[in-house]
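Overview (structure and organization)
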Amino acid sequence: MDKHYTDDSLALHTDLYQINMSEAYWADGMHNRKAVFELFFRKLPFGNGYALFAGLERVLDYLKNFKFTESDLKYLHEELGYKEDFIAYLRTIRFTGTVYSVVEGELVFQNEALIRVEAPLVEAQLIETALLNIVNYQTLIATKASRIKQIVKKEKVMEFGTRRAQEMDAAIWGTRAAYIGGLEATSNVRAGKKFGIPVAGTHAHSMVQAYKDEYEAFRAYAKRHKNCVFLVDTYDTLKSGLPIAIKVAQELGDQINFQGIRLDSGDIAFLSKEARKMLDAAGFPDAEVVVSNDLDEYTILNLKAQGARVDAWGIGTKLITAYDQPALGAVYKLVAIENENGEMEDTIKISGTAEKVTTPGLKNVYRIIDRENGKSEGDYIAMQDEDPASEERLKMFHPVHTFVSKFVTNFDAVNIHQKVIENGEVIYDNPSLKEMQLYGIQNMELLWDEYKRSLNPEEYPVDLSQKCWDNKMKNIQEVRQAVHDYIGD
Ligand SMILES: Nc1ncnc2c1ncn2[C@@H]1O[C@H](COP(=O)(O)OP(=O)(O)OP(=O)(O)O)[C@@H](O)[C@H]1O
Ligand SMILES: O=P(O)(O)OC[C@H]1O[C@H](OP(=O)(O)OP(=O)(O)O)[C@H](O)[C@@H]1O
Ligand SMILES: O=C(O)c1cccnc1
C-alpha cells in the first residue's frame, strides 16, 4: 500500500472480523435487531480476591464519537475491497444503544457483567474490540495498583513506569488506572497535565554522572529546586552518597526543603535502615527514604518483613506492565437477541468447561450487603424481572458447586450498574479521578479481610438466582437438543 490514510478516528480500532460479521448482518437485514452483550472476565488477575474496575471514561468518549470517517471508508473500500453499498451503510453508523456499567473504582468479580450493551446488533458488534482493549488494560492496572497499596498501606507510592510501559498509550492510561487503584503520584508529566494526577520525582544517576561528583550534582540541583530528594547510590551509598546528601542539606539549611534521599540498588532493607539512622543522627528526622528498583507487592512485603525503613516507594516496570500477569481475559458475549417477531430471545455459548458456559438472558447484578455489619455477602445475578431486594431470605449458592449455599437475611441488594448511555446519549457525568480513587478505597471496606489478602484469598461468591440458574440449565438443554436433532444421533 503506498497511499497514506489519515489516522483520524477510532472506528477502525477493531478486528477485521467485526466488520465482516457486520456486513453479513446488514446484507441479511439483521443489523438493527436489538442485541444484548455482557463484558466480563472469568478469572481474577494476579490470584487476587477482587478486581478494581477502570476505563469507563474512555469507553464513553469512544462510544460518543463513534463514526467511520471518510478516510476510514476510503481505506475499507480501496484497500480492503468492501463494496460501495456497504460503505454507504457504514457511513451512517453512530452508536445509538443503551449502556449499563459499573463505575470506575468499583469492586468487580469473576463472571459478572462489568458493562452491558443493548444496541442494534451491528453497533454492539463493532465496538467489542475497543471496549475490551480499554477495560482489560485499565482494570488490570488499577487492580495491580490496589494490590500494591494493600501491602504498602500508609506510605506514599509513586508510579515510575513510563519508560518501561508497552508504548505511550499504555503509559498514559496505565498511570491513570494506577491512580484510581490508590497510588499517590506519577512521574509522567503528561498524565499530570491530562488528568490532573499529582506529579512527583527525584533525579537520575545521569545527573550525578554528568557532574561526575555527587557534591556538585546535589548542589546544582538544589540551586534551582527548593524541594530536594537526592539519589545516593551512584557510587557508594553509605560512604559517599548519603554523607554528601546530608552535607549539602546542612550547608544549605533553610534555603532548601531537604525532603530526603532515594535508594535504587543494593540491599534495600539494610540500606534503608542505615539511611534512617544517618538522617536521624544528622538532625533530619523528617527526611524521607524513597526507594525504587524493580519493586512489586511481593518485594515490598518481603522488605517490610525485614524491617525496611521506607517512606515512599517508586514503582515502574512491574506495575505498568502488570509483569506477573500481562493481560486480563475479559470477554464480550451475546446473551440475548431480538428474533424476527421482535421478541428478545436468550443466547448461550456452550463449553466443555462448566465455568465457561455463558449465562443467558437479561440480568442484573446485585451486591448483597449485610445491614448489621456493612460487609458484602457476595454478588447475586438475577433475571431482570426479579427483585432480590424485596425478598426476606435470599438463598445464595455457588453456580457450579451448587451444594455450597447459604441463606441471607437483613440485607440490602444494591444493583451495581448504572445507566451511562441512553439511546446513544451519554447521561453519566464522570467524577474526578480523586473521587474515583476515594470510591475504590471506600469500597474496600465492604470486603472481609479474607477476600483482600494478597496470597490465596477466599473466593468471593458470585451467585446466580434460582431462576437464573434454571434458565441457564433450560438453555443448555435446548441447545443440546437442537444439536442432537441436527446430527440425528
Ligand atoms: N533486602 C532485600 N530483600 C529482597 N529483595 C531485595 C532487597 N533489596 C533489594 N531487593 C530487590 O532485589 C532486586 C535486586 O536487583 P539486582 O540484582 O539487579 O541488584 P541491584 O541492587 O539493582 O544491582 P545494581 O547495582 O546492578 O543496580 C531488586 O528487585 C530489588 O528490589
Ligand atoms: O525499577 P522500576 O520499578 O522499573 O522503576 C523505574 C526505574 O527507572 C529508573 O531506572 P533507570 O535505570 O531507567 O534510570 P536511572 O538512571 O534514573 O536509575 C529508576 O531508577 C527506577 O529504578
Ligand atoms: O523521579 C524519579 O526518581 C524517577 C522517575 C522515573 C523513573 N525512575 C525514577
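Placed above this text is the structure.
Residues numbered from 1 in each chain as written. Chains lettered and ligands numbered in written order. Predicted model: local features only at pLDDT ≥ 70, side-chain atom pairs only at ≥ 80, totals over all residues. Heavy atoms only, no water.

For the rest of this paragraph, the subject is the overall build of the protein. A tally of regular secondary structure across the protein gives 17 helices and 21 strands. Principal-axis analysis of the C-alpha atoms gives the protein an extent of 85 × 65 × 45 Å. Of all 489 residues assigned to the protein, the portion counted as buried reaches 53%. In the protein, of all internal contacts separated by at least 6 residues, the share reaching a separation of at least 24 is 73%. For the protein, the computed accessible surface area is about 23000 Å², with 49% contributed by carbon and sulfur atoms. Distance between charge centroids for the protein: 6 Å, based on 57 positive and 74 negative side chains. (Helix = DSSP H or I, 4+ residues; strand = E, 2+ residues; numbered from the N terminus. Buried < 20%, exposed > 50% of the residue type's maximum accessible area, 1.4 Å probe, protein only. Contact = heavy atoms within 4.5 Å. Areas by Shrake-Rupley, 256 points an atom, 1.4 Å probe, with all protein chains shown as cover. Lys, Arg positive; Asp, Glu negative; His and termini not counted. Charge placed at Lys NZ, Arg CZ, Asp CG, Glu CD.)

This next bit is on the site of ligand 1. Near ligand 1, the surroundings consist of Ser265, Gly266, Asp267, Ile268, Ala269, Asn293, Asp294, Leu295, Leu303 and Gln306. In this structure, a nitrogen atom belonging to ligand 1 sits 2.8 Å away from a side-chain N or O atom of Asp267. Out of a free accessible area of 650 Å², ligand 1 has 52% covered by protein chains. Broken down by class, the residue content of the shell around ligand 1 amounts to 4 nonpolar, 4 polar and 2 charged. (Near = heavy atom within 4 Å. Polar contact = N/O pair within 3.5 Å; in protein donor to acceptor, adjacent residues only side chain to side chain. Nonpolar A, V, L, I, M, F, W, Y, C, P; charged D, E, K, R; others polar.)

Close contacts around ligand 2 come from 13 residues, with Arg163, Arg164, Asp264, Asp294 and Thr317 the closest. Arg163 is positioned with one of its side-chain polar atoms (N or O) 2.7 Å from an oxygen atom of ligand 2. One of the side-chain nitrogen or oxygen atoms of Asp264 is found 2.7 Å away from an oxygen atom of ligand 2. Partitioning the shell around ligand 2 into residue classes produces 4 nonpolar, 4 polar and 5 charged.

Moving on: helix α1 (residues 16-27). With 12 residues, α1 should cover 16 Å at 1.5 Å per step; its first-to-last C-alpha distance of 17 Å lies within 8% of that length. Inspection of α1 places Gln18, Ile19, Ser22 and Tyr25 among the buried residues, and these make up the whole buried set. Seen from one end, α1 has its buried residues packed into an arc of 120°, which puts them on one side. Looking at the buried residues of α1, the elements they touch are α3 (70-78), α4 (84-92), α5 (121-126) and α6 (128-152). One or two steps after α1, the chain reaches Gly29, where phi turns positive at roughly 70°. (Expected span 1.5 Å × (residues − 1). Arc of directions from axis to C-beta.)

Before going further, it helps to examine the pattern of salt bridges. This structure, assessed with the given rule, holds 29 salt bridges. A salt bridge links Glu274 to Lys277; the shortest N-O distance between them is 3.0 Å. Of the two residues, Glu274 and Lys277 both sit in helix α12 (residues 268-281), 3 residues apart, roughly one turn of that helix. Note on Glu274: relative accessible area 22%, which makes it partly exposed. Of the residues examined, Lys277 reaches a relative accessible area of 53% and is grouped as exposed. Note that Glu422 and Lys419 form a salt bridge whose closest N and O atoms lie 2.9 Å from each other. Of the residues examined, Lys419 reaches a relative accessible area of 32% and is grouped as partly exposed. Residues participating in the shared-partner salt-bridge network are Glu106, Glu112, Arg367 and Asp379. (Salt bridge = Lys/Arg side-chain N within 4 Å of Asp/Glu carboxyl O.)

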